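Residues per chain, in single letters:
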Amino acid sequence: MRHKLSAIFYQLMAALLWAVMCFFFFQEYYPYHFFYKEQNQLFLWTGEYLSTYFYQPAWLACLVGDFLTQFYYYLFAGSTILTISLLLLMGILYLAFRQTGLKKGWAFGIAIAITTLEAVCHLRYDFRLSSTYAIIGAVLLFCTTPKKHFWTEIFAPLAYWLFGYGMWLYLILSAIKNWKWAVPASVVMLVSVYFLKGTYLLTTEQLYTYPGIGKLTTPNWYLEKLFQVDDEYYFGNWNKVVKVVEEEESPSPEMLFFYNLVKAQQVQLPEVLLHYQPNVLGTFYKIGPDTPMLTIKNMNELYYALGDMTFCERAALMACVFSPNNRNNRMIKRLAECSLIKGDTAASQKYLGLLQHTFVWRNWAKNVPKSKFYAEKARFLNQQDTISVSDNAHFIMMQLLDSNPKNEVALDYILCSTLLLKDVKSFKRDYDRYCLEHPRVRKLYQEALCIWLAASEAPQEDWQRYIKDTNVMQQFMQYNQQRGSGQFKDTYWYYYDKGKAPQI
């Protein structure tokens, strides 16, 4: 008796230690994957929405998994929910293997091994919690199947309907228990799948994300860092975005995209434009069939910061289209914000009405119409003709600046974009159009103006008119005496001579 109690105690301690390690890893090293998964779904607590689950395989697993995934938004919730779910899986697997006749030690060892493999599958950004509950449900169904073996054939198709490809574990457990009845059950299952193949059979890639089957992988630290910058920007922790990017030796293009967004809204974009080469502003991106998924999902942030709500809506809708099941609560929230800024009451009520049927965003949807922030944001709306056949960012920014010359974000983006391309002629044209009355004296712009003035052999009065910083003038004279010298690496002149312009 004492030996049995001791064995149970050690197994419980091992399971507890495994759970602590699992929680610590995902919370400390992999938390932003949870936020990404939460944002890429929209779970509505309505009868009409819930009924849509009944017409797909693994509907019960999908329903439970998606319901829990919405709470990933909260700090520590993702790691907690996943760890508890995996512990539940481990416990049910242990009971199931015990029912097949395996000894306690073997049953526990196999259960912890399968649970570990399932935890590894969750390292994928597109792996759903529903997959874990597909296995939990299928194993639970096995544990509750009546002892008479003919019930296996009856419950096998039911396992597929409720828990998708988790039914394969149901059949494996049945085979271990009595292989004679597992074989006909498998035949019944395959026949069921064949006749329902139009709805139930999936592509190879879908098999890795649909409930019941996972794909083993290694931690994707690149994506986790990218998600970190993306989410910290989304949460409004801009100082953390800057800190994370500046600590990176070679920030990725996606990280630089958000870094520049922060700096532009802090009126510091010209000061940091040349810190990273090649740099990424996002103004040269085009949304099309070959555009990377993460770029599509980020573009709405650029248009939102610039102030063009029409293109922001377009980008948000495109992001929804490329989200799983065409649902993305982050994009629905952005569409609601665009409608509020534009004063489109009907559209805002539609999007806010959706969010009011969620648990996480319900209060936000009720209170956000009272916010004065969106009225302030409306001052920067594009007042020109918003019907456009092109998403040319330069044209969009010109419209925004013609509508409101005080739009500093759009102004710095249009000037910095042309400078990255080394298009000093277009830079001078835009500078004259928007900065003559209110000169935008920035070191970067002053250096670029020096190039144009020197190339055009401008008279002295033009130099005095444009160059307000005497230190820039002195440095320019020094640079011309030792052109291309590394001591001028922080200047636009050096970039103009030695840097590589982006390809568009």
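Residues numbered from 1 in each chain as written. Predicted model: local features only at pLDDT ≥ 70, side-chain atom pairs only at ≥ 80, totals over all residues. Heavy atoms only, no water.

1. Some words on the overall build of the chain
Link 1 in the chain: Along the backbone of the chain there are 29 helices and zero strands.
Link 2 in the chain: Out of the 504 residues belonging to the chain, those deemed buried represent 51%.
Link 3 in the chain: Intrachain contacts of the chain at a sequence separation of at least 6 include 67% that bridge at least 24 residues.
Link 4 in the chain: Total accessible area on the chain is roughly 24700 Å²; 60% of this is exposed by carbon and sulfur atoms. (Helix = DSSP H or I, 4+ residues; strand = E, 2+ residues; numbered from the N terminus. Buried < 20%, exposed > 50% of the residue type's maximum accessible area, 1.4 Å probe, protein only. Contact = heavy atoms within 4.5 Å. Areas by Shrake-Rupley, 256 points an atom, 1.4 Å probe, with all protein chains shown as cover.)

2. Topic: unusual backbone geometry
Link 1 in the chain: Here Q277 and P278 are connected by a cis peptide whose omega angle stands at 0 degrees.
Link 2 in the chain: Within the secondary structure, P278 is located in the loop between α16 (269-272) and α17 (293-306).
Link 3 in the chain: One non-glycine residue, V267, lies in the positive phi region at around 60 degrees.
Link 4 in the chain: Phi at K422 takes a positive value of approximately 65 degrees, unusual for a residue other than glycine.
Link 5 in the chain: Mapped onto the secondary structure, K422 falls in the loop between α24 (408-420) and α25 (424-435).
Link 6 in the chain: K422 sits in the partly exposed class, given a relative accessible area of 21%.

3. Observations concerning the side chain of N407
Link 1 in the chain: Residue placement: N407 occurs in the loop between α23 (393-403) and α24.
Link 2 in the chain: Looking at N407, its side chain comes within polar contact range of the main-chain nitrogen of A410, at 3.1 Å.
Link 3 in the chain: In contact with N407, other than residues within four places in its own chain, are L306, F380, L400 and L401. (Polar contact = N/O pair within 3.5 Å; in protein donor to acceptor, adjacent residues only side chain to side chain.)

4. A closer look at a nonpolar patch on the surface
Link 1 in the chain: A surface patch of nonpolar side chains, about 700 Å² in accessible area, is lined by I8, F9, Y10, L12, M13, L16 and V20.
Link 2 in the chain: For I8, the location among the structural elements is in helix α1 (residues 2-29).
Link 3 in the chain: On the accessibility criterion, I8 (37% relative accessible area) is partly exposed. (Patch = residues over 30% accessible without salt bridge, like charges linked within 9 Å, V, L, I, M, F, W, Y side chains within 5 Å. Salt bridge = Lys/Arg side-chain N within 4 Å of Asp/Glu carboxyl O.)

5. Focus on the pattern of salt bridges
Link 1 in the chain: Tallying each qualifying case throughout the model produces 20 salt bridges.
Link 2 in the chain: A salt bridge links R433 to D402; the shortest N-O distance between them is 2.9 Å. Placement of the pair is R433 in helix α25 and D402 in helix α23, with a sequence separation of 31 residues.
Link 3 in the chain: Given a relative accessible area of 35%, D402 falls into the partly exposed group.
Link 4 in the chain: Here R483 and D497 are joined by a salt bridge, their closest N and O atoms 2.8 Å apart.

6. Observations concerning the side chain of T83
Link 1 in the chain: By secondary structure assignment, the location of T83 is in helix α5 (residues 77-99).
Link 2 in the chain: Apart from residues lying up to four places away in sequence, T83 is in contact with A19, C22 and F23.

7. As for the environment of H438
Link 1 in the chain: Along the chain, the position of H438 falls in the loop between α25 and α26 (443-455).
Link 2 in the chain: Distance from H438 to K406, taken between C-alpha atoms, is 9.5 Å for residues 32 residues apart in sequence.

8. What to know about the confidence of the model for the chain
Link 1 in the chain: Summary statistics for the chain give a mean pLDDT of 87 and a share of 85% for residues scoring 70 or more.
Link 2 in the chain: Low pLDDT, under 50, characterises residues 196-200; the predicted model gives this stretch eight contacts beyond four residues in sequence or across chains. (pLDDT = per-residue confidence, 0-100.)

9. Remarks on α23
Link 1 in the chain: Most of α23 sits inside the fold, with eight of its 11 residues counted as buried.
Link 2 in the chain: Of all the positions in α23, only A393, H394, I396, M397, M398, Q399, L400 and L401 are classed as buried.
Link 3 in the chain: On its buried face, α23 is in contact with α17, α18 (309-321), α24 and α25.
Link 4 in the chain: Taking the backbone nitrogen of H394 as reference, a side-chain oxygen 3.0 Å away marks N392 as the first, capping residue of α23.

10. Quick word on the packing of aromatic side chains
Link 1 in the chain: Throughout the structure, instances matching the rule amount to 46 aromatic pairs.
Link 2 in the chain: Taken together, the aromatic side chains of F24, F25, F26, Y29, Y30, F34, Y72 and W221 make up a single cluster linked through ring pairs.
Link 3 in the chain: Its guanidinium or amino end placed over the ring of Y304, R334 lies 3.8 Å from that ring's centre, counting from NZ or CZ. (Phe/Tyr/Trp six-rings, centres within 6.5 Å; stacked < 30°, edge-to-face > 60°. Lys NZ or Arg CZ within 6 Å of the ring centre and 35° of its normal.)

11. Digging into the nonpolar core
Side chains of nonpolar character tend, in soluble globular proteins, to be buried together.
Link 1 in the chain: Among the nonpolar cores identified, the biggest contains 106 residues, and Y413 and Y492 are the most heavily contacted of them.
Link 2 in the chain: With nine residues, the single largest contributor to this core is α24.
Link 3 in the chain: Residues in contact with Y492, not counting those within four places in the same chain, are L274, L419, K422, V424, L444, E447, A448 and I451.
Link 4 in the chain: Ranked by size, the runner-up nonpolar core spans 32 residues in total, among them A107, F108, L123 and Y133. (Core = buried A, V, L, I, M, F, W, Y, C linked by side-chain atoms within 4.5 Å.)

12. Re the packing of helix α13 (residues 221-234) against helix α15 (residues 253-265)
To characterise two packed helices, one gives the angle between the axes of the helices and the distance between these axes.
Link 1 in the chain: Their axes nearest at 9 Å, the elements α13 and α15 cross at an angle of 20 degrees. Considering the angle they form, α13 stands roughly parallel to α15. The two elements α13 and α15 meet at a crossing, and its hand is left-handed. Where α13 abuts α15, its residues Y222, K225, L226, V229, D230 and Y233 lie against P253, E254, M255, F258, L261, V262 and Q265.
Link 2 in the chain: Among the residues forming the contact of α13 with α15, the class breakdown is nine nonpolar, one polar and three charged. (Axes fitted to C-alpha atoms, helices over the stretch in contact; angles between N-to-C directions. Parallel < 35°, antiparallel > 145°, perpendicular 65-115°, else oblique. Left-handed = near helix turned anticlockwise from the far one by under 90°. Nonpolar A, V, L, I, M, F, W, Y, C, P; charged D, E, K, R; others polar.)

13. Observations concerning the environment of P324
Link 1 in the chain: Along the polypeptide, P324 turns up in the loop between α18 and α19 (329-342).
Link 2 in the chain: Spatially, the C-alpha atom of P324 lies 7.0 Å from that of Q41, the residues being 283 residues apart in sequence.

14. Structural notes on helix α4 (residues 59-69)
Link 1 in the chain: The element α4 is largely enclosed, with a buried count of eight among its 11 residues.
Link 2 in the chain: Within the sequence span of α4, burial applies to W59, A61, C62, L63, G65, D66, L68 and T69.

15. Considerations on the packing of α15 against α17
Link 1 in the chain: Contact geometry for α15 and α17: axes closest at 11 Å, N-to-C directions at 15 degrees. Relative to α17, the element α15 lies roughly parallel. With respect to the hand of their crossing, α15 and α17 are arranged in left-handed fashion. Listed contacts from α17 to F257, F258, L261 and Q265 of α15 are N298, E301, L302 and A305.
Link 2 in the chain: Taken together, the residues of the contact of α15 with α17 break down into five nonpolar, two polar and one charged.

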